[in-house]
Amino acid sequence: MAAPDNRGSESYTGLKQLEEGLPSRFYYDPGQYERELQALWYRNWIYLCRAGTLAEKRSFRTFAIGSQSILVLRDELGTLRAFHNTCRHRGSALCAEKEGQFRGKHITCPYHGWTYDLQGRLAIVPALGMADDFDRRNFPLYDVAVMEWGGFVFVNLSGARTTLEDALRPNSQRLANWPLATLEIGHVFRKTVACNWKVFWENFSECYHCPGIHPELSSLVPIYGRSIMNQYDDPDWTAHRDDPDPKFRGGLRDGAVTWSLDGQTRGAIFPGLTEEERRAGSRFVTAWPTMYVVGHVDYVRIVSMRPLGPEETELTAEWLFPPETLSNPEFDLENAVGLGRRVVEQDGAACEMNQKGLRSLAHRQGVLMPQEYAVRAFQDWVRRGLAAG
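Residues numbered from 1 in each chain as written. Predicted model: local features only at pLDDT ≥ 70, side-chain atom pairs only at ≥ 80, totals over all residues. Heavy atoms only, no water.

Chemist: So what's going on with the overall build of the protein chain? Which residues, and what values?
Modeler: A count of helical and extended segments in the protein chain gives 10 helices and 17 strands. Here the C-alpha radius of gyration of the protein chain, 23 Å, is about what a compact globule of 389 residues would show, namely 21 Å. Along the first, second and third principal axes, the C-alpha atoms of the protein chain reach 85 × 55 × 35 Å. Looking at the protein chain as a whole, 51% of its 389 residues are labelled buried. Once local pairs closer than 6 in sequence are excluded, the contacts in the protein chain between residues at least 24 apart make up 66%. As displayed, the protein chain offers around 17,700 Å² of accessible surface, 49% of which is attributable to carbon and sulfur atoms. (Helix = DSSP H or I, 4+ residues; strand = E, 2+ residues; numbered from the N terminus. Rg over C-alpha atoms; globule rule 2.2 N^0.38 Å. Buried < 20%, exposed > 50% of the residue type's maximum accessible area, 1.4 Å probe, protein only. Contact = heavy atoms within 4.5 Å. Areas by Shrake-Rupley, 256 points an atom, 1.4 Å probe, with all protein chains shown as cover.)

Chemist: So what's going on with the environment of phenylalanine 60? Which residues, and what values?
Modeler: Within the secondary structure, phenylalanine 60 sits in strand S3 (residues 59-65). Given a relative accessible area of 6%, phenylalanine 60 falls into the buried group. Expressed as a C-alpha distance, the spacing of phenylalanine 60 and arginine 74, which sit 14 residues apart in the sequence, is 6.5 Å. Those residues in contact with phenylalanine 60 that sit more than four places away from it in its chain are Leu54, Leu71, Val72, Leu73, Cys95, Glu97, Lys98, Glu99, Gly100, Gln101 and Phe102.

Chemist: So, the sheet that holds strand S7 (residues 106-108): which residues are in play, and what are the values?
Modeler: An order of S7-S8-S9 is seen for the 3 strands of this open sheet, with the pairing classed as antiparallel. Each end of this open sheet is capped by a strand with a single partner; those strands are S7 and strand S9 (122-124). When the angles between neighbouring strand axes are averaged without regard to direction, this sheet yields 40°. Pairing of S7 with strand S8 (residues 115-117) involves 3 bridges; the strand directions are antiparallel. Residue pairing in the sheet places histidine 106 in a bridge with aspartate 117 of S8. (Pairing = 2+ DSSP bridges. Axes fitted to C-alpha atoms, helices over the stretch in contact; angles between N-to-C directions.)

Chemist: Lay out the pattern of salt bridges in plain terms, naming residues and giving numbers.
Modeler: Summed over the entire model, instances satisfying the criterion amount to 16 salt bridges. As a salt-bridge pair, glutamate 276 and arginine 283 come within 2.9 Å of each other at their nearest N and O atoms. Exposure remark for arginine 283: the relative accessible area of 8% places this residue in the buried category. The closest approach of N and O atoms between arginine 341 and glutamate 334, which form a salt bridge, is 2.5 Å. A relative accessible area of 17% means that arginine 341 is categorised as buried. (Salt bridge = Lys/Arg side-chain N within 4 Å of Asp/Glu carboxyl O.)

Chemist: Residue-level account of helix H1 (residues 30-41), with values.
Modeler: Regarding H1, the residues found buried are Gln32, Tyr33, Glu36, Leu37, Ala39, Leu40 and Trp41. Considering only its buried residues, H1 is in contact with strand S2 (46-50), S3, helix H3 (197-204), strand S15 (300-309) and helix H10 (373-388). At the N-terminal boundary of H1, the capping side chain belongs to aspartate 29, with an oxygen 3.2 Å from the backbone nitrogen of glycine 31. (Polar contact = N/O pair within 3.5 Å; in protein donor to acceptor, adjacent residues only side chain to side chain.)

Chemist: Tell me what's going on with the side chain of arginine 61, and back it up with residues and numbers.
Modeler: Looking at where arginine 61 falls in the secondary structure, it is placed in strand S3. No salt bridge is formed by the buried arginine 61. Its closest oppositely charged neighbour is glutamate 99, at 4.7 Å. One polar contact links arginine 61 to threonine 53, side chain to side chain, over a distance of 2.9 Å. If near-sequence neighbours (up to four positions away) are discounted, arginine 61 is found in contact with Cys49, Thr53, Leu54, Ile70, Leu71, Val72, Lys98 and Glu99. (Lys, Arg positive; Asp, Glu negative; His and termini not counted.)

Chemist: Describe the state of the cysteines, with residues and values.
Modeler: Under the defined criterion, the tally for this structure stands at 1 disulfide. A sulfur-sulfur distance of 1.9 Å marks the disulfide that ties cysteine 207 to cysteine 210. Because the torsion about its S-S bond is -90°, the bridge between cysteine 207 and cysteine 210 counts as left-handed. For the pair formed by cysteine 207 and cysteine 210, the shared burial category is buried. Between cysteine 49, a cysteine without a disulfide, and cysteine 95, which holds the nearest cysteine sulfur, the sulfur-to-sulfur distance is 14 Å. (Disulfide = S-S within 2.5 Å.)

Chemist: So what's going on with the packing of H3 against helix H9 (residues 333-358)? Residues and values would help.
Modeler: The description of two helices packed together rests on the angle between their axes and the distance between the axes. At their nearest, the axes of H3 and H9 sit 9 Å apart, and the two run at 125° to each other. Judged on the interaxial angle alone, H9 and H3 are oblique. Relative to H9, the crossing made by H3 is right-handed. Residue-level contacts link Val199, Phe200 and Asn203 of H3 to Asp347, Ala350, Cys351, Asn354, Gln355 and Leu358 of H9. Along the lines of polarity and charge, the residues of the contact of H3 with H9 split into 5 nonpolar, 3 polar and 1 charged. (Parallel < 35°, antiparallel > 145°, perpendicular 65-115°, else oblique. Left-handed = near helix turned anticlockwise from the far one by under 90°. Nonpolar A, V, L, I, M, F, W, Y, C, P; charged D, E, K, R; others polar.)

Chemist: Can you tell me about the environment of valine 303, naming the residues and giving the values?
Modeler: Along the chain, valine 303 falls in strand S15. Given a relative accessible area of 0%, valine 303 falls into the buried group. As for valine 303 and lysine 247, which are separated by 56 residues in sequence, their C-alpha atoms are 26 Å apart. In contact with valine 303, not counting residues within four places along its chain, are Phe200, Thr290, Met291, Tyr292, Thr316, Ala317 and Val344.

Now the structure itself:
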């Protein structure tokens, strides 16, 4: 439910004509799934973790992106680095553990003992003899582009043909007033959903489903209860131009201040937010195909995804808070995270229901309603990526 950035547009956002969706086979065909891994997941910036989970020197974590295993580490100088988790000798995995800390300044392959320093350079090759033309400098670890934004760690397996800021749609400045880098993880919720990864993104991109799927959220954000995300999604929006009711203008219901079970906050409100940012109650930044970030007045929420197969997706939701909020004994964590967790669970169930129907022999392709313009934008991004790939 990401309301678009329509500031200053003052024009109807809905689709003007009936649009066809992606073919149904795009959501379950193994060959199509592999094409999307190659063209979309392996060529765009992918969110992995918060930098704070790799705070210590020589700490490491491994991650799966499709069929690729990626090793991310903090070297002895504190620099963040990423490599394919693959030895240059015969391709063995270097690290079997999901996370840990290297005892020294080297990574040793458990298969034949090839050893690399934490910058990825081949340091030791245990062998009785060596070919005359063998040069260790020619066999470093396979480097992966890695960048950090606001305490979020991203990698790009293609060598970063696009910048990270280009990937953060609509733009990274939308959360400039939130102290992203200083926040700490307060809660993590992980769920495996039986749906194609695109089904989840399409669900996220519209609120056509909100009244029936998210009654609590629709009560908190009244405009969602009208099946739209923004005042300009209403073709008759000019009739309510001057009406301050949140069901027409957007934002939280009267008396609510944040996304929580009761609409109230028990934590500190970020001091740098504008009045408009406080009234809205949420501000979204998306990074296809990997994650979206939501800034609330008192915390930040991340939802990221990993494709596990043509019809299976892992969702991870993380809630970030100021350190002083988490250390406050009166802070009610469940009130803060309960609504967002419920929304993810409701979305997961809706996506699984959607996935089950897509295999119908009679259903070849869906259509989009006017308020599903953001679904169309996502599908066009998929089409462009596949064409370029």
